Each structure stands twice: as C-alpha cells, then as structure tokens.
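Structural features, examined
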Amino acid sequence: MDKDTRKKRKSAYEVFDWIIEKDNGLLCKICLEFGCKNQSNKEAIEHKFCKRGLDLSKVSALSFDGASNFSGVHKGVQALIRKKFCPDAIYFQCRSHLLHLAAQRAATVCKEVKRTISILGDLYKIFSQSPKRSQQLKNVQEMCNIPILKVIEPSSTRWLAYERCIERVIKILPSILITLEHIYKDSGDLSSMGGGILLSLRQKETILILNVLNHIFTLLGNLSRYFQTEDSDLSNSVLFTESTRRSLENLDSFQECVEKTDKIASTLKESEVHVDEKENIQKSVKSMLLQYVNKLCQNL
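To start, this report covers the structure provided alongside it. From a predicted model like this one, the values you see are computed outputs, not experimental measurements.

Parameters and conventions
- Residues numbered from 1 in each chain as written.
- Predicted model: local features only at pLDDT ≥ 70, side-chain atom pairs only at ≥ 80, totals over all residues.
- Heavy atoms only, no water.
- Helix = DSSP H or I, 4+ residues; strand = E, 2+ residues; numbered from the N terminus.
- Buried < 20%, exposed > 50% of the residue type's maximum accessible area, 1.4 Å probe, protein only.
- Areas by Shrake-Rupley, 256 points an atom, 1.4 Å probe, with all protein chains shown as cover.
- Salt bridge = Lys/Arg side-chain N within 4 Å of Asp/Glu carboxyl O.
- Core = buried A, V, L, I, M, F, W, Y, C linked by side-chain atoms within 4.5 Å.
- Pairing = 2+ DSSP bridges.
- Axes fitted to C-alpha atoms, helices over the stretch in contact; angles between N-to-C directions.
- Parallel < 35°, antiparallel > 145°, perpendicular 65-115°, else oblique.
- Left-handed = near helix turned anticlockwise from the far one by under 90°.
- Contact = heavy atoms within 4.5 Å.
- Nonpolar A, V, L, I, M, F, W, Y, C, P; charged D, E, K, R; others polar.
- Expected span 1.5 Å × (residues − 1).
- Polar contact = N/O pair within 3.5 Å; in protein donor to acceptor, adjacent residues only side chain to side chain.
- Phe/Tyr/Trp six-rings, centres within 6.5 Å; stacked < 30°, edge-to-face > 60°.

**A few points about the overall build of the protein chain**
Per the secondary structure count, the protein chain includes 14 helices and four strands. Buried positions account for 43% of the 300 residues belonging to the protein chain. When the accessible surface of the protein chain is summed, it comes to about 17000 Å², and 48% of that surface belongs to carbon and sulfur atoms.

**Examining the pattern of salt bridges**
Per the counting criterion, the structure on display carries eight salt bridges. Between aspartate 262 and lysine 204 there is a salt bridge whose closest N-O contact spans 2.8 Å. You can see aspartate 262 sitting in helix 13 (residues 254-270) and its partner lysine 204 sitting in helix 11 (residues 204-227), a full 58 residues away along the chain. Overall, lysine 204 belongs to the buried group, its relative accessible area being 14%. A salt bridge links lysine 204 to glutamate 277; the nearest nitrogen and oxygen atoms lie 3.5 Å apart. Remark: glutamate 277 occurs in the loop between helix 13 and helix 14 (281-299) and lysine 204 occurs in helix 11; sequence separation between them is 73 residues. With a relative accessible area of 40%, glutamate 277 lands in the partly exposed category. Salt bridges sharing common partners tie together Lys204, Asp262, Lys269 and Glu277.

**Quick notes on the nonpolar core**
Ile176, Leu180, Leu201, Ile216, Phe217 and Tyr292 are the most contacted members of the largest nonpolar core, which totals 62 residues. Per element, the largest residue contribution to this core is 11 residues, and it comes from helix 11. Core analysis: the next-biggest nonpolar cluster, separate from the first, contains 12 residues, Ile45, Leu62, Ile81 and Ala89 among them.

**A look at the pairing of strand 3 (residues 61-64)**
Going residue by residue along strand 3, you find Leu62 and Phe64 tucked away on one face and Ala61 and Ser63 left uncovered on the opposite face. Here strand 3 runs beside strand 4 (residues 90-93); their pairing, made up of four bridges, is parallel. For alanine 61, the partnering residue across the bridge sits in strand 4 and is isoleucine 90.

**Thoughts on the packing of helix 11 against helix 13**
Two numbers describe how helix 11 lies on helix 13: the axes approach to 9 Å, and their chain directions differ by 135°. Judged by the inter-axis angle, helix 11 sits oblique to helix 13. Every pair of crossing elements has a handedness; the one defined by helix 11 and helix 13 is right-handed. Residues Lys204, Ile207, Leu208, Asn211, Val212 and His215 of helix 11 form the contact with helix 13, whose participating residues are Phe254, Cys257, Val258, Lys260, Thr261, Asp262, Ile264, Ala265 and Leu268. Of the residues in the contact of helix 11 with helix 13, the class split is nine nonpolar, three polar and three charged.

**Here we look at helix 5 (residues 95-106)**
Taking 1.5 Å per residue as the helical rise, helix 5 with its 12 residues ought to reach 16 Å, and the 16 Å between its terminal C-alpha atoms agrees with that figure. For helix 5, the set of buried residues is Ser96, His97, Leu99, His100, Leu101, Ala102, Ala103 and Ala106. In this fold, the buried residues of helix 5 make contact with strand 4, helix 11 and helix 14.

**Quick notes on the environment of histidine 274**
When you line up the elements, histidine 274 lands in the loop between helix 13 and helix 14. Taking the C-alpha atoms as reference points, histidine 274 and leucine 177, 97 residues apart in sequence, are found 9.1 Å from one another. Within the structure, the side chain of histidine 274 is placed 2.5 Å from the side chain of aspartate 276, a separation counted as a polar contact.

**Observations regarding the packing of aromatic side chains**
Under the defined criterion, the tally for this structure stands at one aromatic pair. For the ring pair tyrosine 226 and phenylalanine 240, a centre distance of 5.2 Å and an interplane angle of 55° mean the geometry is tilted. Of the two residues, tyrosine 226 sits in helix 11 while phenylalanine 240 sits in helix 12 (residues 234-249), which places them 14 residues apart along the sequence.

**Some details on the side chain of serine 224**
Within the secondary structure, serine 224 is located in helix 11. If near-sequence neighbours (up to four positions away) are discounted, serine 224 is found in contact with Ser96, Leu99, His100 and Leu160.

**Points about the packing of helix 11 against helix 12**
One can describe the packing of helix 11 onto helix 12 by two numbers: an axis separation of 10 Å at closest approach and a directional angle of 180°. When the interaxial angle is binned, helix 11 and helix 12 end up roughly antiparallel. Between helix 11 and helix 12, the residues in contact are Ile216, Leu219, Leu220, Asn222, Leu223, Tyr226 and Phe227 and Asn236, Ser237, Phe240, Thr241, Thr244, Ser247 and Leu248, respectively. Looking at the contact of helix 11 with helix 12, its residues break down into eight nonpolar, six polar and no charged.

This is a description of form; function is not addressed.
Here it is as structure tokens:
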C-alpha cells in the first residue's frame, strides 16, 4: 500500500503490521491492515491465513500489544480467534511492547527523567513547526562544521524510540544551543518555550541525564530488537534479559557518561556556549537515575 493510500485510509486502518508464521519449516510473512473494530481485525487475520493456506487451528500461541481491542478476554482479537479456531492456544502480551511500558512507567519515580523526556518533545516542536527555525539550525550546523541533521520526533507511546532521539540531540547539541540562543535573542523572552528549553539544555546536569538515558535506552533497545528477530528463542531471551538487567542495575557505565558529558561541556565552551554547572551533580544525578533504573528492573 503506497503512502498516499495509507493517509486516505488512516481513519479506518490505524495500524499496519506483519504476522510471521512458520509452515513446514518455511517462513511466511503476511501483511495485515488492522482497523478499529475487533471483528474486522479477526476477519482480516482469518482471510490472510486462509489465502496462504495456513490452518489457524494449528496456532499454538498469539501475541499482540496490550490494547483492549487485541488483548480483551471476551471480545479482543485473541479471544475471538481462540474461541473459533484454537481454544488451547496461549496468549501473551508482546514482550517488546512491555519493555516500552516498563521504561515509561518507571519514570513515575523520577521526575527528572520525565522532565528531560518532555524537553525532547518540546525541542522537536520548536524546529518542526517553523521552517525559519529549521533553516537557522541548518545554517548553524554548516557554519560550525557539524553534520546537517534534524531533530528526531519522539514517540509518546514508544519510549524506546527515544534512543535515536536522544542520540541525535547529543550529537548536534552545540548547534541546537547556538540556534536556541538566536531564537531567544529574537524574542527576548526566556519564559517562552525556546527560552525554557535553552535554560534546561545548557545545564550540565541535563546533559549528563541525557547521556545516561542514552545508555539505558540503547540497552533496552537492543533487547527489544532481539525479541523481534526471527532467531530469538525463550532460553536466549531469558539470558539476554538477565544480562541487560545486570548492566542496568548498578549503572556501570555512569563514569563513562560523566566523561562524555565533560567532553560535551568543553566543546560547548569552545563554541562560546554558556554551560550552567552546579557542584556535585554526579552524586545527585546518579542517585535519582538509580531510582529510575531500580523501578525499571523491577518491571523487566
């Protein structure tokens, strides 16, 4: 389905997904159009399986995200399929989706993580909603010999998508701050969105939090991607999860993140960008992020 057709049918079909089913050792990929109605989704799956000559009665397990239209015990897609075709099949929520939820829910114990994530969303709005500001950012990147890259849109429902978003912000942070300073000088208002983001992003504490979150989301992202590979299996998934948990629990890479932050702060100063530094931020940042990580590990 081409991009224009998807846009036209967005109200009727909100999710596009793949079902992967092994039949006689061969891997079959089936493209499905998932809409808003449970019955329609069930019929879409039934039709595609029938078209491929696959027997739904032989399905041993079903896995979707936690949305009620799929996971509902009585009228969810999994319930309808199991009732009609495979009553002995088990249903479990998508492990990758649960990772996203774990990362999101853990932030309830650490307001600094929520604040930093919120900044990323506001930062995207600043540049995406103004061609003039986007051009300013590009001009600064060219002038400073920084890779010409845009700010990536974060996803409010897929927290692990922040992995790429944070990595990009760290990579082009000098150009972002210089551009925000120009925006502030034009408006003269630090209470504006641009002024508020500028005040936050030039704090060394925020830069350190970004570096640590980048490490955390990279670990979780690797685990999520493994869950979605065709070669993943239960035993290795358990081992990978435990390995990820151990890497997270003690924030072993914290000192490395501190060194990266110091390097970024030094680069910013060389670019004549003001950096707000508080004393003893390492101890306070590590303490608050350990709260986040501990809550996260409880949910893994």
